[in-house]
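Secondary and tertiary structure notes
If you want the building blocks of each chain, they are given just below.
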Amino acid sequence: MLELYHNGSSVCAAKVRILLAEKDISWHSHYLDILAGDQFDPAYLKLNPKAVVPTIVHNGIVVTESTVICEYLDDVYPDIPCRPADAAGRARMRIWTKLVDEALHPNVIDITFTVSHRHTVMAKGEENTRRFIEDAPDDVSRERRHGWIHLGFESPGVREAVRVYAKALKQMDAALADGPWLAGETFSLADIGVAPYVNRLHMLNMDAMWQSELPNVADWFDRVRARASFYPGIEEHLPVASREALLSNGKAGGPQLLAACGIG
């Protein structure tokens with residue numbers, strides 16, 4: 001039996017759901033409301049002391065960290081492989097999953113909060129906004145949250161986050177010139193790992209980062225969205241309110257952030 005602890009707006013959880021859909025693996029859902037603090041429930045903390053999603057429990061084995069989970073599932077469900085068959089291809093794949101963990105994921109929160117989430121927080125009133133900032137676990141996190149909320153696009157780090165994504169998208173375009181997928185001829189964990197992060201930019205109306213100048217990325221994203229795994233992996237579990245907030249806030253906010261960064 002496979003159990004998945006996840007959240008609909010989590011890009012990390014989306015990676016795992018895409019893989020599960022690609023492999024047609026049945027799973028039992030434990031949906032955690034992150035904004036309500038479900039991740040801090042003592043029972044969940046025993047599974048994942050970091051209080052983040054996703055986490056899987058497979059026949060009693062607990063696995064955390066989305067990249068590790070994806071490789072684990074590809075090992076235990078090998079019938080539909082999601083890694084290239086050759087060593088060189090697997091190495092290329094891991095370069096991309098490493099980039100996701102080290103570059104894309106650490107910066108997605110700055111972009112998402114300054115374009116969209118800050119408005120959701122502020123809409124709940126001054127007291128809720130104050131608590132959101134003060135409840136951060138340390139001084140650095142509190143300063144970061146203060147910047148997202150009160151400085152917006154002038155927040156330290158957000159423009160660098162956009163530059164990180166712009167660089168990654170150019171790397172993607174170059175890699176896709178050599179094959180249909182990021183690691184070559186095979187749709188792999190590289191594509192699964194990157195897809196939710198590009199989709200987050202898309203939802204925030206930031207497609208201008210690739211639409212006109214990076215045609216290989218545009219074609220790749222169209223093909224990723226056309227795969228049967230895209231809806232159950234990303235869209236099916238995203239709450240309507242979250243989807244509407246990302247889209248409505250991104251309608252103006254995404255292009256404004258890009259213009260502040262000299263893009264578009």
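The preceding data block contains the structure.
Residues numbered from 1 in each chain as written. Predicted model: local features only at pLDDT ≥ 70, side-chain atom pairs only at ≥ 80, totals over all residues. Heavy atoms only, no water.

Observations regarding the packing of aromatic side chains
Note on aromatic pairs: each is described by the distance of the centres and the angle between the planes. Heads up, the condition is: Planes of paired rings set the category: under 30 degrees apart is stacked, over 60 is edge-to-face and the rest tilted, where pairs are Phe, Tyr or Trp rings (Trp by its six-membered ring) whose centres lie within 6.5 Å. The secondary structure listing takes helices from DSSP runs of H or I that are at least 4 residues long and strands from runs of E that are at least 2 residues long, numbered from the N terminus. The buried label applies to any residue whose accessible area, calculated with a 1.4 Å probe on protein chains only, is under 20% of its type's maximum; exposed applies above 50%, and partly exposed to all values in between.
Counted according to the given criterion, the structure contains 6 aromatic pairs. On the basis of an interplanar angle of 15 degrees and a centroid distance of 4.4 Å, the ring pair of F113 and W148 is categorised as stacked. Remark: W148 occurs in helix α6 (residues 139–151) and F113 occurs in helix α4 (residues 87–122); sequence separation between them is 35 residues. The class of W148 is buried, set by a relative accessible area of 3%. Ring geometry for W210 versus F221: centroids 5.8 Å apart, planes at 75 degrees, classification edge-to-face. On the criterion of sequence distance, the pair formed by W210 in the loop between α8 (189–203) and α9 (215–226) and F221 in helix α9 is long-range, its members being 11 residues apart. Both residues of the pair, W210 and F221, belong to the buried class. By way of ring pairs, the aromatic residues F113, F132 and W148 are connected into one cluster.

Quick look at the environment of V217
In plain terms, the rule: In this analysis, two residues are considered to be in contact whenever any of their non-hydrogen atoms come within 4.5 Å of each other.
Mapped onto the elements, V217 comes out in helix α9. With sequence-adjacent residues up to four places away left out, V217 is seen in contact with L169, M172, D173, L176 and W210.

Things to note about the sheet that holds strand β2 (residues 28–31)
Filter applied, for reference: The pairing criterion for strands is at least two bridges between them, as found by DSSP. A fitted line through C-alpha atoms represents every axis, and for helices the fit uses only the stretch in contact; the resulting angles, taken between N-to-C directions, go from 0 to 180 degrees.
Ordered in space as β2-β1-β3-β4, the 4 strands form an open sheet in which the pairing is mixed. Only two strands of the sheet have a single neighbouring strand rather than two, namely β2 and β4 (61–64). Adjacent strand axes in the sheet meet at a mean angle of 20 degrees, parallel and antiparallel pairs treated alike. By the bridge criterion, 4 bridges tie strand β1 (residues 2–6) to β2 in an arrangement that is parallel. Counterpart to L4 in the pairing with β2 is S29. Across the sheet, helix α3 (residues 66–76) lies against β1, β3 (55–58) and β4, angled at about 135 degrees from β4, the strand it touches most.

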